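One-letter residues, chain by chain:
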Amino acid sequence: MMADGIIEFNCSTHLNRSNNAITRWSLIDHSIASADIASKCCTQMTMDLLGSDHTVIFTHYNNQVPRTSGELPLRWNLNRAGWTEFARSAGASLDGSVVEGNINDVFSEFNQYVINAASRAIPMKRNHTKHAIPWWNEDFARAVRRKKAAFLRMKHTFDVEDIIELKRRRSECRKTILATKRESSRSFCDSLNHRSNLKKVWNVVHSMSGKHTNFKIPNLSVSDRIITDDTDKANVIATKFQQASSTLQYTNASMFNRPQLNTILLQKADRYDNLEINVSFTILELNVALATKKNSSPGGDMMNYAMFKHLDPDSKCKMLEIINFSWLSGQIPESWKHAIIIPILKNCKETSDPNSYRPISLTNHFCKVIETMISSRLSWYLKSKKLLDTSQCGFRRGRRALDHVLGLHDSVNKAIHNGRSAVAVFLDIKKAYDTVWRGVVIHKLSNLGVKGCKIS
């Protein structure tokens, strides 16, 4: 059976040329596959013969499909940003009026001012799918150009001498690639030391090995039905993500009287205000939160951390007023509740199964700044009141999960040395964060003294 994705009518072969045009290459003679296989395949033609007498056509089965169509989104080119002009434009646009009214209107106005200033001072560029080659140099580029020129000449003439020249250029290109790879790997290894950034090191290693994360979701299989349309794929995966944190994950017993209990718990949490927690934020807290942020993909509002860091002092004060207005009034803009969800394939999972993907949420950076400020204040409060257990290492500054590993290792060694047994219990709770009861979390926070309108 013939199916879309396995039949490529525009891919030409090398020898089977049409009789009436010597320079025109023919189409594939036949491509046959069963429906279940064809729906999970994609084909890709290469102009490199790779020693064959025909143009090589790769058929990928159930693999990460390269992004081949669709317009890629624009993003800010921060490397060419004029931050002085940006700060001046933002400061000139923002007025000194008092922040009041509807939080959606207040945040929308601030967002518009910042984006207009960015449009004047920061150029935009389109994401590209062409990955940089670590060992690329001028010798490599020259060898590739010569090979391509020989291939095009042979394609038009099909002369014996041109075929021989193509083989010679191809051999030279292979030798050049091997030499440049070897030299690049040697230079990279020599540059490593104890101060090398591990993230950058692994990025280079993955780039050298050809591992890239830019891919398109392949065809999905749901109840013996093949999903090929991109919109349908997005809806299927979004439904799986939504079900992971919905009430479908709870048993009937656990759902009994839960709405009434949530109401009672919220009322208890809102009995009085904790002034240590709920006071207004200061400009120092804002600057500390911004200093901890690194550049990352923005949410739907297109504002990023770099823009906030380069705002003039008056604009930062305006930003702080909006933060405190939201914090003291308990209002949250609707745009902060929306996120761009990107599905990421889990390690060693089936690509056609929607359950094999985990979500990455791109939320608004403005909201993330507030979350960091709130998290810092809560951490300070819990630490100053000594409310955290001394054995807790997760989510605490200066501690890490390795501390528990070292403690376990020490306990096992002591047990072996004393001729005793060491017992350890490991719990892996399925969807622990997705199915946590928020009402109980709020109740526990209120018991620790974290109360007021902000907690509710």
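In this report, the structure presented in the accompanying data block is examined. (Residues numbered from 1 in each chain as written. Predicted model: local features only at pLDDT ≥ 70, side-chain atom pairs only at ≥ 80, totals over all residues. Heavy atoms only, no water.)

The helix and strand inventory of the protein chain stands at 16 helices and ten strands. Counting all 456 residues of the protein chain, 31% fall into the buried class. Sequence separation of 24 or more characterises 69% of the internal contacts of the protein chain that already satisfy a separation of 6 or more. Surface exposure of the protein chain reaches about 30100 Å², of which carbon and sulfur atoms provide 54%. (Helix = DSSP H or I, 4+ residues; strand = E, 2+ residues; numbered from the N terminus. Buried < 20%, exposed > 50% of the residue type's maximum accessible area, 1.4 Å probe, protein only. Contact = heavy atoms within 4.5 Å. Areas by Shrake-Rupley, 256 points an atom, 1.4 Å probe, with all protein chains shown as cover.)

With that settled, consider the packing of helix α13 (residues 313-329) against helix α14 (residues 365-384). Running from N to C, α13 and α14 cross one another at 65°; their axes reach a closest spacing of 11 Å. The angle between α13 and α14 places the two elements in the roughly perpendicular class. The interaxial crossing formed by α13 with α14 has right-handed handedness. Between α13, through Met-319, Leu-320, Ile-322, Ile-323 and Trp-327, and α14, the contact on the second element is made entirely by Phe-366, Val-369, Ile-370, Met-373, Ile-374 and Arg-377. A breakdown of the residues in the contact of α13 with α14 according to their chemical character gives ten nonpolar, no polar and one charged. (Axes fitted to C-alpha atoms, helices over the stretch in contact; angles between N-to-C directions. Parallel < 35°, antiparallel > 145°, perpendicular 65-115°, else oblique. Left-handed = near helix turned anticlockwise from the far one by under 90°. Nonpolar A, V, L, I, M, F, W, Y, C, P; charged D, E, K, R; others polar.)

The phi torsion at Phe-158 lies on the positive side, around 55°, for a residue other than glycine. Inspection of the secondary structure puts Phe-158 in the loop between α4 (138-157) and α5 (160-191). Of note in this structure, Cys-348 is not a glycine but carries a positive phi near 60°. Mapped onto the elements, Cys-348 comes out in the loop between β9 (340-345) and β10 (357-362).

Turning our attention to the nonpolar core. Most often, soluble globular proteins have nonpolar side chains that are buried together. Of all hydrophobic cores here, the largest spans 39 residues; its most connected members are Phe-86, Phe-110 and Phe-366. Only α2 (83-93), α3 (103-121), α11 (283-291), α12 (305-309), α13 and α14 provide two or more residues apiece to this core. Not counting the four nearest positions on each side in its chain, Phe-86 is found in contact with Val-114, Ala-117, Ala-118, Ala-121, Ile-122, Met-307, His-310 and Leu-311. Counting residues in each nonpolar core, the second largest holds nine residues, with Ile-217, Leu-220, Ile-227 and Phe-241 among its members. (Core = buried A, V, L, I, M, F, W, Y, C linked by side-chain atoms within 4.5 Å.)

Considering the arrangement of structural elements, one finds Ile-322 in helix α13. Distance in space between the C-alpha atoms of Ile-322 and Glu-100 is 8.8 Å, their sequence separation being 222 residues. When near neighbours in sequence (up to four residues on either side) are disregarded, Ile-322 contacts Val-99, Ile-103, Val-106, Phe-110 and Phe-366.

The next thing to look at is a positive patch on the surface. Side chains of Lys-346, Lys-349, Arg-358, Lys-430 and Lys-431 sit close together on the surface and give a patch of like positive charge. By the element assignment, Arg-358 lies in strand β10. (Patch = residues over 30% accessible without salt bridge, like charges linked within 9 Å, V, L, I, M, F, W, Y side chains within 5 Å. Salt bridge = Lys/Arg side-chain N within 4 Å of Asp/Glu carboxyl O. Lys, Arg positive; Asp, Glu negative; His and termini not counted. Charge placed at Lys NZ, Arg CZ, Asp CG, Glu CD.)

Glancing now at the packing of α11 against α13. Look at α11 against α13: their axes get within 10 Å of each other, and the N-to-C directions meet at 100°. The angle between α11 and α13 falls in the class roughly perpendicular. Only Lys-316, Met-319, Leu-320 and Ile-323 of α13 make contact with α11, whose side of the interface consists of Ile-283, Leu-286, Asn-287 and Leu-290. Looking at the contact of α11 with α13 residue by residue, the class counts come to six nonpolar, one polar and one charged.

Turning our eyes to something else, we now look at helix α16 (residues 438-447). For α16, every residue scored as buried is listed here: Gly-439, Ile-442 and Ser-446. Buried positions in α16, seen along its axis, are confined to an arc of 60° and lie on one side of it. Counted as exposed and oriented over 90 degrees from the buried face of α16: Lys-444 and Asn-447. (Arc of directions from axis to C-beta.)

Take the pattern of salt bridges next. The tally for this structure, following the rule as stated, stands at twelve salt bridges. Across the pair Arg-142 and Asp-139 runs a salt bridge, and its minimum N-O distance is 3.0 Å. With Arg-142 and Asp-139 both in helix α4 and three residues apart, this pair spans about one turn of that helix. A residue is classified by how much of its surface remains accessible, and Arg-142, at 31% relative accessible area, is partly exposed. The salt bridge involving Arg-377 is made with Glu-285; its shortest N-O contact spans 2.9 Å. On the criterion of sequence distance, the pair formed by Arg-377 in helix α14 and Glu-285 in helix α11 is long-range, its members being 92 residues apart. You can call Glu-285 partly exposed: its relative accessible area is 25%.

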